[in-house]
Amino acid sequence: MKVSKINAFFRKVGQAQIKHRWLCLIVLLAWTLFCLSGIKNFRAESNNNDWIVNGSEIQVNSDHFKDIFGNDQYVLVLVQADDVFSPDVLKMIDDLGYRLESEVPFADKVTSLTTVSIPIGVEGGLEVRSPFEDGIPSDSAELAQKKAFVLSRESIVNNLVSDDAKETWITLKLHPFENESEDVVKVGHTAAKIIMSQEFQNPAWSLKPIGSAYTTAEKMDTIEKDFSMRISLGFLTMLVCLIIFVRSFFGVLVPFVATLFGIGTVFGFTGLLNIPGDSDLMSLPVLLGMALSIGYALHYINAFKMHFRQTGKRKESVIMAVEESGWPILFTVITTAASLLSFMFANIRPMLWLGAVAASVVLMVYIYVVTLIPIFMSFGKDKAPVRQESKGATKADLAFEGFGKHIVKKSKLVAIISAVIIVACVPGLLKMEVNMDYLKFMGSKVPFVHRIEEVLKTKIGNLYSYDVMIEFDEDDAFKDPKNMFALDALEKDLGKLRLTKISNGKPRVRSITRMVKEMNRVLNDDDISYYRIPEDRDMLTQLLFFYEISDSAALYDDLTEGYNAAHVHVEISDYNANIIVDDIQNAEASAKKYFPNAKVSVVGTVAENAAMNATIVISELKSFGSSFIMIALLLIIVFASVRTGLIAMIPNLAPVFLIGAVMGYSHMPLDEVTMMIMPMILGIAVDDTIHFSNHIKAKLELGKTYQEAICESFREIGKTMGTTTFILCAMFLMYCFSPITAMFRIGFLSIVGLGSALIADYTLTPALIYILQPLGKKNS
């Protein structure tokens, strides 16, 4: 494909733009107004379930679990005091629980010391009710008796309340949400307003709210605030960079307008289509749009300035700039968009959204830049050309030309050093690990994460858990002592797994068996030796009947109305991606061993994250592989040579290898955010390779030698390549100031990738072109 012929086409495009500039502006304005009309409908949301492949087994099982046992999201408050059974603390617990249950949207019921159902012996049998059903005793002896009774219950101690009576939970169970991403925020905000109100603040106790519904709202608030900060700093950085590097009114104005309207039209159009954005990832296409708009504008502006210094003719210089820069800029847009679209191969909603929106932002920013820069630059007067032997080059341009000569001279050494560095990255790549740890994703610098970490250090504190569900086809299966004993044996096995949390030597594993044992104990004069499952079916059926008539709602939290399905709740001490996968596999295997004739499934946030680990690995491979293939094919087509296209890909793999090595050697996990870095950097890094290779090819077509073509290309675009990369890095530097660890990683890894890509294009690209001579003309 002859570059000269393509450039001739873009010259005609430039001429048409100047001739019909007012028409171009009117059409662009009409499109802008149409798209921006949808901004009012745009909304952003975040849902952890979006990261699960639609229709996957874990999603089907989780939805089925919710249909049977209700919402698996809670609001929890850890109460800490010298004695949580003191009258003032108990009254606060009761009042707070009442307000949460009556005021929080989707509230189902509260479980706390003042409401917990415990088997109590009565004449003729037993009842399951709260010891404080008749209120908090004013008599200290009676209160002490109730305290002793609660702390004697095996099923309660170190679950609901610690054995030293210094910690206890208030748990708000929620009804199923209608729109999870919106409803969870309403729940979290309402609960926070109640818990943090002055009514419940007292030096005698401390309240630490937690729970998925509560912390999800905090997470979204934190990300929204951080998003605003990153974008504000991004725009400020953008203006500073434009003023420093462009020093032209239109040169500052156009990239700013292109960014604003490019991003605005895409978000507005998605609003018209009623497609929600992803609040976790929204800042990425915005900052990318800002950085690329400057990069595209600088290539046009610097080319215009060089020709304007040479000719003094404004409109002709604009046309020459379009002729020279139009094709490489368009091709970089195509490759960058193709790389971003590769996210859509992951088949995960946030990735689909990011791929489509980021690619659209790149395209729209390009349209605004290539339309407005030539038109605005064409306004003004001609001036006398600058007569100089350097052909309009500045001192910096000449310095880059000298650097190019040095690279050509040392091309073989450059290639050897580059190969050594790439090989050294391979062991680091192999050390990369996937980890979806929620706390490590956000980082302890975030206030609510720090609070969660404090909760996890307590005796009964917990964040991570999963459920093992056992479901029989026939009703009354769990009225059979054999199945209840099997459930108890399963609990013991689950308590031995590596990550199962232990409190005072007691595994944090529970199911319906604990209440069955408590009732059996109460019916036998509260003899602790009877804290076990009865062997007689009639006795077991009677106990379950007592539970059902006393507190059916509590019973149906653990067992279905048909007595055919139950679940075991397992709390874990920490989240380790590799170990939790083994634990869940072992949990499922144990359940199938004890219940060979039942359907077994493991559900819950931890199980979903474990499934997401595998999904992320597959998605990363799909995304990067498809990105690599698409870009390689585009390069092969453009250069009309398989050999040339593949050679051009070599320098662009170097930054990807380096990013992987940095992550592996520094134990930086691959998660839902960092998985996007490699394909994105590959798409951006190839831009400079295209500009550089295109310039060299154009020079060769004019009869230059490889050395002359390389050196003149350094002189003409070397500074622009460095400037655009500097601006991109400055934009991503804004992420490095984020308190959110995942955002910092995006910034840091992007800077590493972009910086190494520029170094590769300054060194490895010209060295390979000079050594291998892939563009056809022999070196003289």
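Residues numbered from 1 in each chain as written. Predicted model: local features only at pLDDT ≥ 70, side-chain atom pairs only at ≥ 80, totals over all residues. Heavy atoms only, no water.

Undergrad: For this particular structure, what's the right way to read the overall build of the protein?
TA: Within the protein one finds 24 helices and 14 strands. Principal-axis analysis of the C-alpha atoms gives the protein an extent of 110 × 50 × 45 Å. The buried share of the protein, reckoned over its 780 residues, is 59%. Of the contacts formed within the protein by residues at least 6 apart in sequence, a portion of 80% connects residues at least 24 apart. Taken as a whole, the protein presents about 31600 Å² of accessible surface, with 59% of it coming from carbon and sulfur. Within the protein, one finds 73 positive and 84 negative side-chain charges whose respective centroids are separated by 19 Å. (Helix = DSSP H or I, 4+ residues; strand = E, 2+ residues; numbered from the N terminus. Buried < 20%, exposed > 50% of the residue type's maximum accessible area, 1.4 Å probe, protein only. Contact = heavy atoms within 4.5 Å. Areas by Shrake-Rupley, 256 points an atom, 1.4 Å probe, with all protein chains shown as cover. Lys, Arg positive; Asp, Glu negative; His and termini not counted. Charge placed at Lys NZ, Arg CZ, Asp CG, Glu CD.)

Undergrad: How do you make sense of the sheet that holds strand β2 (residues 74–81) when you look at a structure like this?
TA: Each strand in a sheet pairs with its neighbour through backbone hydrogen bonds, running either in the same direction (parallel) or in the opposite one (antiparallel). Taken in spatial order, the 4 strands line up as β3-β6-β2-β7 in an open sheet, and their pairing is antiparallel. Every other strand in the sheet has two partners, leaving β3 (107–111) and β7 (205–210) as the edge strands with one partner each. With strand direction ignored, the average angle separating the axes of adjacent strands in the sheet is 20°. The pairing of β2 with strand β6 (residues 167–174) spans 7 bridges and is antiparallel. (Pairing = 2+ DSSP bridges. Axes fitted to C-alpha atoms, helices over the stretch in contact; angles between N-to-C directions.)

Undergrad: Honestly, helix α11 (residues 349–377) in this entry has me stumped. Any pointers?
TA: Given 3.6 residues per helical turn, the α-helix brings residues three or four places apart onto the same face. Its 29 residues place the ends of α11 41 Å apart at the C-alpha level, agreeing with the 42 Å of an ideal helix rising 1.5 Å per residue. Here α11 lies mainly inside the structure; 23 of its 29 residues are buried. (Expected span 1.5 Å × (residues − 1).)

Undergrad: Looking at this structure, I do not really get the pairing of β6. What am I missing?
TA: Consecutive side chains along a regular strand alternate between the two faces of the sheet. Summarising burial for β6: 8 of the 8 residues are buried, a large majority. Judged by which residues are buried, β6 turns out to be covered on both faces: Glu167, Trp169, Thr171 and Lys173 on one side and Thr168, Ile170, Leu172 and Leu174 on the other are all buried.

Undergrad: What is the right way to read unusual backbone geometry from this model?
TA: The bulk of non-glycine residues show a negative phi, and the bulk of peptide bonds are trans. Unlike most non-glycine residues, Asn158 shows phi in positive territory, near 60°. Mapped onto the fold, Asn158 is located in the loop between α5 (140–151) and β6. The class of Asn158 is buried, set by a relative accessible area of 4%.

Undergrad: How should I be thinking about empty space enclosed by the protein in this particular structure?
TA: Over the atoms rolls a probe the size of a water molecule, and in doing so it shows where empty space is left. For the structure on display, the rule yields 7 cavities of 30 Å³ or more. Taken together, 16 residues line the largest cavity, and the ones lying closest to its centre are Ile684, Asp687, Asp688, Thr724 and Leu728. The set of elements that each furnish at least two residues to the lining of the largest cavity consists of α9 (283–311), α22 (677–701), α23 (706–736) and α24 (741–772). Its residues assigned to classes, the lining of the largest cavity comprises 8 nonpolar, 6 polar and 2 charged. Volume-wise, the second largest cavity comes out at about 70 Å³. Together, Phe639, Thr644, Ile647, Ala648, Pro651, Thr689, Ser693, Thr765, Leu768, Ile769, Pro774 and Leu775 line the second largest cavity. (1 Å grid on protein atoms, 1.4 Å probe; cavity = no way out; pocket = protein on both sides within 12 Å on 5 of 7 lines; lining within 4 Å. Points joined across faces, edges and corners; volume = space filled by probe spheres on them. Nonpolar A, V, L, I, M, F, W, Y, C, P; charged D, E, K, R; others polar.)

Undergrad: Sorry if this is basic, but what is going on with the nonpolar core here?
TA: Where a protein is soluble and globular, its nonpolar side chains tend to be buried together. The biggest cluster of nonpolar side chains holds 231 residues, and the ones touching the most others in it are Leu96, Leu100, Tyr466, Val468 and Met680. By residue number, the principal contributor to this core is α11, which donates 19 residues. (Core = buried A, V, L, I, M, F, W, Y, C linked by side-chain atoms within 4.5 Å.)

Undergrad: Would you take a moment to explain the packing of α22 against α24 for this structure?
TA: The axes of two packed helices give the description: the angle between them and the distance between them. α24 packs onto α22 with a crossing angle of 30° between their chain directions and a minimal axis gap of 9 Å. Taken together, the axes of α22 and α24 lie roughly parallel to each other. Both α22 and α24 take part in a crossing whose hand is right-handed. Residues Ile677, Met680, Ile681, Ile684, Ala685, Asp688, Thr689, Phe692, Ser693 and Ile696 of α22 touch α24, and the partners they reach there are Ile746, Leu749, Ser750, Gly753, Leu754, Ala757, Leu758, Asp761, Thr765, Pro766 and Ile769. For the contact of α22 with α24, the class distribution of residues is 14 nonpolar, 5 polar and 2 charged. (Parallel < 35°, antiparallel > 145°, perpendicular 65-115°, else oblique. Left-handed = near helix turned anticlockwise from the far one by under 90°.)

Undergrad: Can you walk me through the pairing of β7 in this structure?
TA: For β7, a buried count of 5 out of 6 residues is recorded, marking the element as mostly surrounded by other parts of the structure. Pairing of β2 with β7 involves 6 bridges; the strand directions are antiparallel. Residue pairing across strands places Leu78 opposite Lys208, the latter belonging to β7.

Undergrad: Please explain the pattern of salt bridges as it appears in this structure.
TA: It is possible for side chains bearing opposite charge to pair when their charged atoms get close. Within the structure shown, the criterion is met by 31 salt bridges. The partner of Arg715 in a salt bridge is Glu401, with the nearest N and O atoms 3.5 Å apart. A residue pair is termed long-range when its members are at least 10 positions apart, and Arg715 in helix α23 and Glu401 in helix α12 (residues 395–409) qualify at 314 residues. Under the relative-accessibility criterion, Arg715 is labelled buried at 13%. (Salt bridge = Lys/Arg side-chain N within 4 Å of Asp/Glu carboxyl O.)

Undergrad: For this particular structure, what's the right way to read the packing of aromatic side chains?
TA: Any pair of aromatic rings gets described here by the distance separating the centres and the angle formed by the planes. According to the stated counting rule, one finds 24 aromatic pairs in the structure shown. Between Phe106 and Phe177 the ring centres are 5.4 Å apart and the planes differ by 90°, which places this aromatic pair in the edge-to-face class. You can see Phe106 sitting in the loop between α4 (87–103) and β3 and its partner Phe177 sitting in the loop between β6 and α6 (180–195), a full 71 residues away along the chain. Overall, the relative accessible area of 16% leaves Phe177 in the buried class. When the ring of Phe245 is compared with that of Phe726, the centres are 5.6 Å apart and the planes differ by 70°; the resulting orientation is edge-to-face. Pair noted here: Phe245 is in helix α7 (residues 212–245) and Phe726 is in helix α23, with a separation of 481 residues, a long-range link. Take Phe245: its relative accessible area is 27%, and that puts it in the partly exposed class. Taken together through their ring pairs, the aromatic side chains of Phe400, Phe403, Phe692, Phe714 and Tyr762 make up a single cluster. The aromatic ring of Tyr563 is capped on one face by Lys479, whose charged end is 4.6 Å from the ring centroid. (Phe/Tyr/Trp six-rings, centres within 6.5 Å; stacked < 30°, edge-to-face > 60°. Lys NZ or Arg CZ within 6 Å of the ring centre and 35° of its normal.)

Undergrad: It is not clear to me how helix α10 (residues 314–341) should be interpreted in this structure. Could you clarify?
TA: Taking 1.5 Å per residue, 28 residues should reach 40 Å; α10 reaches 38 Å between its end C-alpha atoms and fits that length. At Ser325, α10 shows its maximal bend, which comes to roughly 45°, and the proline Pro328 appears one to four places after that position. Here α10 lies mainly inside the structure; 22 of its 28 residues are buried. (Bend = angle between axes of the 7 residues up to and from the residue.)

Undergrad: What should I look at first to understand a nonpolar patch on the surface in this one?
TA: Together, Trp31, Phe34, Phe269, Leu272, Leu273 and Ile275 make up an exposed nonpolar region whose accessible area comes to about 530 Å². Relative to the assigned elements, Ile275 resides in the loop between α8 (249–272) and β8 (277–278). Residue classification places Ile275 among the partly exposed residues on the basis of a relative accessible area of 36%. (Patch = residues over 30% accessible without salt bridge, like charges linked within 9 Å, V, L, I, M, F, W, Y side chains within 5 Å.)

Undergrad: What is the right way to look at the packing of α6 against α7 in this model?
TA: Here α6 crosses α7 at 100°, and the two axes come no closer than 8 Å. As far as their axial angle goes, α7 and α6 are roughly perpendicular. Of α7, the residues touching α6 (which contributes Ser181, Val184, Val185, Val187, Gly188, His189, Ala191, Ala192 and Ile195) are Ser212, Ala213, Tyr214, Thr216, Ala217, Met220 and Asp221. Across the contact of α6 with α7, the residue classes tally to 10 nonpolar, 5 polar and 1 charged.

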